[in-house]
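A structural walkthrough
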Amino acid sequence: RLMKVFLTRRIPQEGMKILSATGVCEVSQWDSDEPAPRAELLKGVQGAHGLLCMLSDKIDAEVLDAAGPNLKVISTFSVGYDHLAMDEIKKRGIRVGYTPDVLTDATAELAVALLLSTARRLPEGVEEVKNGGWSSWKPLWLCGHGLSDSTVGIIGLGRIGMAIAQRLKPFGVKRVLYSGRTAKPYAAEVNGEFVPLDTLLSDSDFIVVSCSLTPQTQGLCDKAFFSKMKKSAIFVNISRGAVVNQEDLYEALKNGQIAAAGLDVTTPEPLPTNHPLLTLKNCGEERNHELRRDVPLYDCRHAFKMCFLSPVLFHAVVIPHLGSATYSTRGVMSALAAQNLVNGLQGADMPSELTV
Ligand code: GLV
Ligand code: GLV
């Protein structure tokens, strides 16, 4: 007898092939690139044995009740699982598959791209070229901060955090700090120093958030957090928007408490186009051009930022949750999510089962 599975979205063909080839599933699908409206999700899961969902689908008691007692496997097309009500799911004896590892490289790469784009102000530069602001090559125009000799703080040195640290090292990063619940033996590979969060905040030139969203990390980056950062520091979040108190981040940027933010994740997603974070303008450039009187000119050779009064107030660079968005990674995620589902339905081991 065929098992009913419901897919909440269109997925790359790699996964569809697996679902049809194995001949165990009868697939129904919200056949769109956009999320299924809640009512369609509740309708679609009815009687399903398996559910393949996205990180944007909230799978809570209501969905599980709508599905009914047939539901045996949930396979999420993501590494994050904060959208899954795990207590409710476990209570019902439902198995869960997810897609770790296969997206680590793509996500780390994106984190580095976002960090550099933010620090070196690429979006502003692109904008200036388009709007005629590029009048000439100017020594003091669109300067940012470089990675060379810097200290990078990683919050959550897991698979993705490690891959980020490994990629940043060749840029000449001097120290890699990390904080979290426990010291990680593998941190030695990147000379990572396990430090209290306060030390990470006060010493880092770049802070990258790559932890998972849990009750412990929800709202971790708040007013107190930002106030402990260097004024010249750059904040990057590639994990989940809810790790950040976004109002506090906005205030920190607006008040020049920190220099810039690069965000791949926001609350909500999508971020409304009129959100205050998107209205931040670089209004510190003029002030920044004044030379510091207290630093002799001949000391200015190491770091450009030493020569100038205060860090520039940058824009926030916000991108639309693109961490794993390479063609090949999404294809592999699709195959893995489908294989997790099929194996789970057959009572076999899944390639990546979530056991928490
Ligand atoms: C992306 O954010 C994921 O959890 O896969
Ligand atoms: C920059 O293009 C330089 O030549 O210094």
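Residues numbered from 1 in each chain as written. Chains lettered and ligands numbered in written order. Predicted model: local features only at pLDDT ≥ 70, side-chain atom pairs only at ≥ 80, totals over all residues.

As named in an unreviewed UniProt entry, the protein is Glyoxylate reductase/hydroxypyruvate reductase, taken from Salarias fasciatus. Its UniProt record gives the protein the following Sequence similarities (unreviewed entry) comment, quoted word for word: "Belongs to the D-isomer specific 2-hydroxyacid dehydrogenase family." (UniProt positions renumbered as here; feature names shortened; annotations may be inferred.)

To continue, consider the overall build of the protein. When its secondary structure is counted, the protein shows 12 helices and 12 strands. Taking 21 Å as the expected radius of gyration for a compact globule of 356 residues, we find that the protein reaches 23 Å, a close match to that expectation. If you line up the protein on its principal axes, its C-alpha atoms span 80 × 45 × 35 Å. Taking all 356 residues of the protein together, 44% fall into the buried category. Summarising the internal contacts of the protein: among those between residues at least 6 apart in sequence, 68% fall at separations of at least 24. (Helix = DSSP H or I, 4+ residues; strand = E, 2+ residues; numbered from the N terminus. Rg over C-alpha atoms; globule rule 2.2 N^0.38 Å. Buried ≥ 20, exposed ≤ 12 C-beta atoms within 10 Å, placed from the backbone. Contact = placed C-beta atoms within 7 Å.)

This next bit is on the nonpolar core. Residues Val208 and Val236 are the most contacted members of the largest nonpolar core, which totals 98 residues. The element that contributes the greatest number of residues to this core is helix H12 (residues 327–345), accounting for nine residues. Each of domain 1 (3–102 + 326–345) and domain 2 (104–318) contributes no fewer than three residues to this core. Discounting residues that sit within four places of it in the chain, Val236 has contacts with Ala111, Leu114, Leu115, Thr118, Phe206, Ile207, Val208, Val209 and Gly262. (Core = buried A, V, L, I, M, F, W, Y, C linked by C-beta atoms within 7 Å. Domains from an automatic or database assignment.)

To continue, consider the environment of Val265. Inspection of the secondary structure assignment puts Val265 in the loop between strand S11 (260–263) and helix H11 (285–288). Expressed as a C-alpha distance, the spacing of Val265 and Val244, which sit 21 residues apart in the sequence, is 9.5 Å. Sequence-distant contacts of Val265, defined by excluding residues within four places in its chain, comprise Asn237, Ile238, Ser239, Arg240, Gly241 and His321.

Judged by pairing direction, the sheet is parallel, and its seven strands sit side by side in the order S8-S7-S6-S9-S10-S11-S12 without closing on themselves. Looking at which strands have only one partner, the edges of the open sheet turn out to be strand S8 (192–194) and strand S12 (316–318). Taken pair by pair, the neighbouring strands of this sheet meet at an average axis angle of 20°, ignoring direction. Packed onto the sheet, helix H7 (residues 159–168) meets strand S6 (151–155), strand S7 (175–179), S8 and strand S9 (206–209) and runs at close to 170° relative to S6. (Pairing = 2+ DSSP bridges. Axes fitted to C-alpha atoms, helices over the stretch in contact; angles between N-to-C directions.)

Right, let's talk about the packing of helix H5 (residues 104–119) against H7 for a bit. The axes of two packed helices give the description: the angle between them and the distance between them. The geometry of H5 relative to H7 is characterised by a closest axis approach of 8 Å and an angle of 55° between their N-to-C directions. On the basis of the axis angle, H5 is oblique to H7. Judged by the twist between their axes, the crossing of H5 over H7 is right-handed. Residues Thr104, Asp105, Thr107, Ala108, Glu109, Ala111 and Val112 of H5 form the contact with H7, whose own contacting residues are Arg159, Ile160, Ala163, Ile164, Arg167 and Leu168. (Parallel < 35°, antiparallel > 145°, perpendicular 65-115°, else oblique. Left-handed = near helix turned anticlockwise from the far one by under 90°.)

Turning our attention to the pairing of strand S3 (residues 50–53). Burial of the side chains of S3 extends over both faces: Gly50 and Leu52 are buried on one face and Leu51 and Cys53 on the other. With three bridges connecting them, strand S1 (residues 3–7) and S3 associate as parallel partners. Its bridge partner lying in S3, Phe6 is registered against Leu51. Considered for its hand, the β-α-β crossover made up of S3, helix H3 (residues 61–67) and strand S4 (residues 73–76) is right-handed. (Right-handed = clockwise from strand over helix to strand, strands pointing away.)

So, on to helix H10 (residues 246–254). It helps to recall that an α-helix has 3.6 residues per turn; residues three or four apart then point in one direction. Restricting attention to buried positions, one finds in H10 the residues Gln246, Leu249, Ala252 and Leu253. The buried residues of H10 all sit within an arc of 120° when viewed along its axis, so they share a single face. The secondary structure elements touched by the buried residues of H10 are helix H9 (223–227), S11 and S12. Two residues or fewer after H10 comes Gly256, characterised by a positive phi angle close to 70°. (Arc of directions from axis to C-beta.)

Here we come to the pairing of strand S10 (residues 234–237). If a strand is regular, its side chains alternate between the two faces of the sheet. Across the two faces of S10 the burial is the same, with Ile234 and Val236 and Phe235 and Asn237 all buried. Bridging between S9 and S10 involves four bridges; their strand directions are parallel. Across the sheet, the residue bridging to Val209 is Asn237, located in S10. Both S10 and S11 contribute to a ladder of four bridges, which runs parallel. Paired with Phe235 across the bridge in S11 is Ala261. Taken together, S10, H10 and S11 form a β-α-β motif whose crossover is right-handed.

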